[in-house]
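# Overview (structure and organization)
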Amino acid sequence: MPVLIAKVAVSAATYWIDRPYDYLIPEELHGKVLPGMRVFVPFSRGNRRVEGIVLAVEQPVLTDEQIRLALFMRERFFCTVYDAVKAILPTGLWFKADGSRRVNDKTVEMARLAVPAEDAADMADRIRHKSPRQAELLDLLCSFEALPVKDLLLHGNASRASLKSLCDKELVSLYHREVFRRAEIPPEERVPLPVLNEEQLAVFEKISALAFSGKAGCALLQGVTGSGKTSIYIHLIHQQLSRGKTAILLVPEIALTPQMLHTFSSHFGDEVAVLHSSLSLGERYDEWKRIRSGRAHLVIGTRSAVFAPVRDLGILIIDEEQEETYRSENAPRYHARDVAKYICSKAGCTLLLGSATPELVSRYQAQIGRYAYFRLDKRYNAQKLPSVRIVDMKKELREGNGGCISSVLAEELQKNLDAAEQSILFLNRRGTNKLISCGDCGFTYKCPRCSVSLTYHSLNRRLLCHYCGYSRRVDDSCPECGGRLKYVGAGTQLVVEELQALFPGQEILRMDTDSLAPVGSHEELFDQFRKENIPFLVGTQMVTKGLNFENVTLVGVLSADQSLYAGDYRAGERTFSLITQVVGRSGRGSKPGRAIIQTYTPGNETIRLAAEQDYEAFYASELEVRKLQNAPPFTDHLSVTISGMTESLVVEAGRFVRDRLEALIGPQRADFLGPTPLNVVKVNNRFRYRVHIICTAGASIRGFISQAVIECNTDKRFRGVSVFAENDPLNT
């Protein structure tokens, strides 16, 4: 029996406490309590019996399962229950400061006949000579059960007054029908399920058996780029939908959502709902309602789609599970994979993690048997993986080439142009130059609010901070000594300029956060690249995963070293994954692919193994490094981050947290590091330090960390200092 709540205006509520009050409707009164009814309710001290008017009857927005999920998130992710609920529910359900809803239900005014169609047709004939417009409206409504008023008046070439006359004569009635705001999706023709090859079919049957076992479980599907993991996802989802279950598919980037949506809509039609941050508030709210009401059975979306209110979940799939975008950096600081594990454990269904380069921790869980493990070792079309060549950029410098594009890569790009084939160039830095410095005095432009250099953007000749958004014009000469300014480092804008100089007149597309508008641009750009056969696509990590362009036969990695020295134990893993994923964009059609990796450290093992596409060798090597580092998967890393406007006070608060943790947990159960500054110590005038806790995290240790955070936040000495805890943080 569903829980129902009545919103009641209470007679005893005085002006200053007057508002609708919520009352639980007893089961025996379900269906009998209606808006507008007078009721007696308990109110005020002593629960005295007072009269009230029912204003609305509604179901609670949170189910029992969602409430339990919020409580789990509070314990797991060091957040408040309120923050957890805000993540679970769509923004459109919340209220503005004035008490009004952020998003209201969208309705369309409809018109329908209030008399039998035969009577309406007779009336139309009788009034046609005197009132032809009214007669036309009646004829239209005789042909349709109901029509939107706007369309009725347009097609009937009639005015609102004509319609009002018909309503006054009680021939037509008006009402409002709820409609769903949805992002425009071109209608897809239903296509058969993709045919699985022998290797895919064997993997599908094994995962299917796991999903049909009725037990909660986690599985890892590791498949080389182009092996057809998506085809297996489609078959698994079809299987679950056929037995009346629902499914959730998470993708790491908004850029991938339109492509996935078109693919899955061609198989599942209107059963698909999409959830991601580029939708408007109204679109997200309405998709949430479609899912909750059972109209949509497959949810595709980014991180927050894990909270979709599906019923009878059959399978939850996380594609490219190694991606850091599944981690929220704002409260609640959750990882979608951890939330998915909890949801699947309660629903008794399978969580499937898919990747060509699984996160090291996930691969280790498969190795020790906690996850079921499946592999796809061949590309779907039996094409070989791209041939890869490493280019030493130090040698290029010695030969006088100081640009972004090596002579080797330039030669390969020309070959692709001659063959009318396409190329993708990857550089994970937007803008034109990383920084501008003076060759005489060494001056560099720094952000006044953050401890970073400003990045130069040539398009508008401005310097920009990518952390807080501060911007300023660049000077003609050094503002300190008047010397000549030098432009150092490269970004995607500079790569485009170099390509334009090397290949004049050739069209080039650029894909990074500077070049894209918030809504719809990913899809438009990809469509343009594919349909117009544009020779070059330059982009950041948006171009590294999930894209399938049959005519792309060359990939260039312009700065393979860039992410290797990030001061994080995951730097090698992140670099290997990025290179492997972007190289895998080449040769996905019938033509063989190739890739060029440019680096200043050609002997680096991570780069060498990424070039060889040898995940297993990298995994074995990196696992040994993690043992020496005492890093995950052999321990848990938790942290407490302290930020504030005064650096000395932040450091003092950090020492307090570390001392309290040492006293509460004890040095035998954990190692404590810090307080240490983050890589970017100051962001938007706030200094940021962190205390690291290296341990085997259990409920008691998490409880002690929570206690230390609460004590520091409530200590008057540290007024103005913000303190929060999180699991396995990124060092940014």
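The structure we're discussing is the one just above.
Residues numbered from 1 in each chain as written. Predicted model: local features only at pLDDT ≥ 70, side-chain atom pairs only at ≥ 80, totals over all residues. Heavy atoms only, no water.

So, about the packing of aromatic side chains. Under the definition given, this model contains 15 aromatic pairs. Note on Phe307 and Tyr334: the rings are 5.2 Å apart at their centroids and 70° apart in plane angle, and the pair reads as edge-to-face. Linking Phe307 in the loop between β11 (298-301) and β12 (313-319) with Tyr334 in the loop between β12 and α11 (336-347), this pair joins segments that are 27 residues apart in sequence. By relative accessible area, Phe307 is classed as buried at 4%. Between Tyr615 and Tyr619, the aromatic rings sit 6.2 Å apart at their centres with planes inclined by 10°, giving stacked as the arrangement. Placement of the pair is Tyr615 and Tyr619 together in helix α19 (residues 615-629), with a separation of four residues, close to one helical turn. The class for Tyr615 is buried, based on a relative accessible area of 7%. By the ring-pair criterion, three or more aromatic residues cluster together here, those being Phe72, Phe77, Phe307, Tyr334 and Tyr342. In this arrangement the basic side chain of Arg49 is found over the ring face of Phe40, its NZ or CZ atom lying 4.1 Å from the centre. Between Arg112 and the ring centre of Tyr175, over which it is positioned, the NZ or CZ distance is 4.0 Å. (Phe/Tyr/Trp six-rings, centres within 6.5 Å; stacked < 30°, edge-to-face > 60°. Helix = DSSP H or I, 4+ residues; strand = E, 2+ residues; numbered from the N terminus. Buried < 20%, exposed > 50% of the residue type's maximum accessible area, 1.4 Å probe, protein only. Lys NZ or Arg CZ within 6 Å of the ring centre and 35° of its normal.)

Below, the discussion takes up the pattern of salt bridges. Between side chains of opposite charge, a pair can form as their charged atoms come close. For the structure on display, the rule yields 38 salt bridges. Between Arg160 and Glu109 there is a salt bridge whose closest N-O contact spans 2.8 Å. Of this pair, Arg160 sits in helix α6 (residues 160-168) while Glu109 is found in strand β5 (residues 107-113), placing the two residues 51 residues apart along the sequence. With a relative accessible area of 43%, Arg160 lands in the partly exposed category. Looking at Glu109, the relative accessible area reads 24%, which means it is partly exposed. Between Glu573 and Arg626 there is a salt bridge whose closest N-O contact spans 2.6 Å. Of this pair, Glu573 sits in helix α17 (residues 571-583) while Arg626 sits in helix α19, and the two are 53 residues apart along the sequence. Note on accessibility: Glu573 and Arg626 belong to one class, buried. Through salt bridges with shared partners, one network takes in Asp105, Glu178, Arg181, Asp286 and Lys289. (Salt bridge = Lys/Arg side-chain N within 4 Å of Asp/Glu carboxyl O.)

The next thing to look at is helix α12 (residues 360-367). Residues separated by three or four positions in an α-helix point in the same direction, a consequence of the helix having 3.6 residues per turn. In terms of burial, α12 is largely enclosed, as six of its eight residues are buried. Of the residues making up α12, those classed as buried are Leu360, Ser362, Arg363, Tyr364, Gln365 and Ala366. Looking at the buried positions of α12, the neighbouring elements they touch are β8 (217-223), α11, β13 (350-355), β14 (372-376), α17 and α19. Just downstream of α12 lies Gly369, where phi reads positive at about 95°. (Contact = heavy atoms within 4.5 Å.)

Further remarks concern the sheet that holds strand β19 (residues 462-464). Adjacent strands of a sheet form backbone hydrogen bonds with each other and so pair up, either parallel or antiparallel. Strand order in the open sheet formed by three strands is β18-β19-β20, and the pairing between neighbours is antiparallel. Each of the sheet's edge strands pairs with one partner strand only, and the pair in question is β18 (455-457) and β20 (471-473). The average angle at which neighbouring strand axes cross in this sheet is 30°, direction not considered. (Pairing = 2+ DSSP bridges. Axes fitted to C-alpha atoms, helices over the stretch in contact; angles between N-to-C directions.)

Let's shift gears to the nonpolar core. In terms of nonpolar packing, the biggest core is built from 66 residues, with Ile232, Ile237, Phe264 and Val557 touching the most fellow members. Top contributing element to this core by residue count: helix α8 (residues 229-242), with six residues. The residues touching Phe264, leaving out its near neighbours within four places in the chain, are Thr230, Tyr233, Ile234, Ile237, Leu249, Gly269, Val272, Leu298 and Ile300. If you look at the next biggest cluster of nonpolar residues, it comprises 44 residues, including Leu89, Ala336, Ile343 and Tyr371. (Core = buried A, V, L, I, M, F, W, Y, C linked by side-chain atoms within 4.5 Å.)

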